[in-house]
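Observations on chain architecture
Listed here are the chains, written in short residue letters.
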Amino acid sequence: MMRGAFANVRLRNQVAPGTRGDRTLNFLADGLESSVYDTAAAYREAGVPMVVVAGEDYGGGSSRDWAAKGPALLGVRAVIAQSFERIHRSNLIAMGILPLELINGGPHELAPTGAEEITVAGLETLNSGHIPARVRVFSDGRAFAARVRLDTPREADYFRHGGVMPYVLRGLLANTGGDDDAHPA
């Protein structure tokens, strides 16, 4: 599944002009062209979190569960897009990926080369239960406003836990209360 993420031959990664499908540039390896899978593995090994910068209707026309699960497995922590396909946005959250919607600017202004270091400021209150309406996205000295697309308190809970499955598992563990009699040896 991880090797198939972003592999559709109709995809054109603006980071690697002239390529199609799962090709990108690995900026940890002097910008050499590589597969998305191999590049993601290198970034994960180096401890560098990844974001996807996209245009309008991100996730539209895709097999939605695959389209959210693949990036999560590759280590994508956020998707910054001009807009999201409605159900896909929810599926990203279910996989623990933060959807951010650009208010000003587009993907070409935010990350014209793909080598930019992107930082999101303003998420500090998310862990205390407050969903910020807007955050600031910084990209090599430029600042952009973005909406946090956690539209309900439940979506914020899912995201805080790393997705739906960790949320459910933590709930199940909390309900067992650590009672040793419940699980005899």
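Criteria and cut-off values
- Residues numbered from 1 in each chain as written.
- Predicted model: local features only at pLDDT ≥ 70, side-chain atom pairs only at ≥ 80, totals over all residues.
- Heavy atoms only, no water.
- Helix = DSSP H or I, 4+ residues; strand = E, 2+ residues; numbered from the N terminus.
- Rg over C-alpha atoms; globule rule 2.2 N^0.38 Å.
- Contact = heavy atoms within 4.5 Å.
- Areas by Shrake-Rupley, 256 points an atom, 1.4 Å probe, with all protein chains shown as cover.
- Lys, Arg positive; Asp, Glu negative; His and termini not counted.
- Charge placed at Lys NZ, Arg CZ, Asp CG, Glu CD.
- Pairing = 2+ DSSP bridges.
- Axes fitted to C-alpha atoms, helices over the stretch in contact; angles between N-to-C directions.
- Polar contact = N/O pair within 3.5 Å; in protein donor to acceptor, adjacent residues only side chain to side chain.
- Core = buried A, V, L, I, M, F, W, Y, C linked by side-chain atoms within 4.5 Å.
- Buried < 20%, exposed > 50% of the residue type's maximum accessible area, 1.4 Å probe, protein only.
- pLDDT = per-residue confidence, 0-100.
- Arc of directions from axis to C-beta.

1. What about the overall build of the protein chain?
- Along its length, the protein chain carries six helices and eight strands.
- Its helices and strands in sequence order give the protein chain the pattern β-β-α-β-α-β-α-β-α-β-β-β-α-α, from N to C terminus.
- For 185 residues, the compact-globule estimate of 2.2 N^0.38 gives 16 Å, and the protein chain sits close to it at 18 Å.
- The contacts of the protein chain with a sequence gap of at least 6 include a subset with a gap of at least 24, amounting to 51%.
- For the protein chain, the exposed area adds up to about 10,500 Å²; of that, 53% sits on carbon and sulfur atoms.
- Separation of charge centres in the protein chain, based on 19 positive and 21 negative side chains, amounts to 6 Å.

2. So, the sheet that holds strand β3 (residues 50–53)
- Strand order in the open sheet formed by six strands is β3-β4-β5-β8-β7-β6, and the pairing between neighbours is mixed. Looking at strand neighbours, the two that pair on one side only are β3 and β6 (118–121), the edges of this open sheet. Along the sheet, successive strands turn relative to each other by an average axial angle of 30°, direction set aside.
- Both β6 and strand β7 (residues 134–139) contribute to a ladder of four bridges, which runs antiparallel. In the strand pairing of β7, alanine 121 is matched with arginine 136.

3. Side note on the side chain of serine 83
- Following the sequence through the fold, serine 83 ends up in the loop between β4 (76–81) and α3 (86–94).
- At 2.7 Å, the side chain of serine 83 and the backbone nitrogen of aspartate 57 are in polar contact.
- In this structure serine 83 touches Gly55, Glu56, Asp57, Tyr58 and Glu101, once residues within four positions along its chain are discounted.

4. Some points on the nonpolar core
- Ranked by size, the top nonpolar core spans 16 residues in total, and within it Leu98, Leu100 and Leu150 carry the most contacts.
- Contributing elements (two or more residues each) for this core: β4, β5 (98–102), β7, β8 (142–148) and α5 (153–160).
- Among all residues touching leucine 150, those that are not within four sequence positions of it are Ile93, Leu98, Pro99, Leu126, Ile131, Glu155, Ala156 and Phe159.
- Among the nonpolar cores identified, the runner-up in size contains ten residues, and Ala68, Val76, Val79 and Ala81 belong to it.

5. Description of the environment of asparagine 104
- Along the chain, asparagine 104 falls in the loop between β5 and α4 (107–110).
- Between the C-alpha atom of asparagine 104 and that of alanine 145, which follows or precedes it by 41 residues, the distance is 6.1 Å.
- A polar contact is formed between the side chain of asparagine 104 and the backbone nitrogen of alanine 145, at a distance of 2.9 Å.

6. Thoughts on the confidence of the model for the protein chain
- This prediction gives the protein chain a mean pLDDT of 89; 93% of its residues lie at or above 70.
- Ranking the helices and strands of the protein chain by mean pLDDT puts β5 first, with 97, and helix α2 (residues 64–74) last, with 85.

7. So, helix α1 (residues 36–46)
- Turning to α1, its buried residues are Val36, Thr39, Ala40 and Tyr43. Buried residues in α1, looked at end-on, bunch into an arc of 100°, giving them a common side.
- Glycine 47 occupies a position one or two residues after α1 and carries a positive phi of about 75°.

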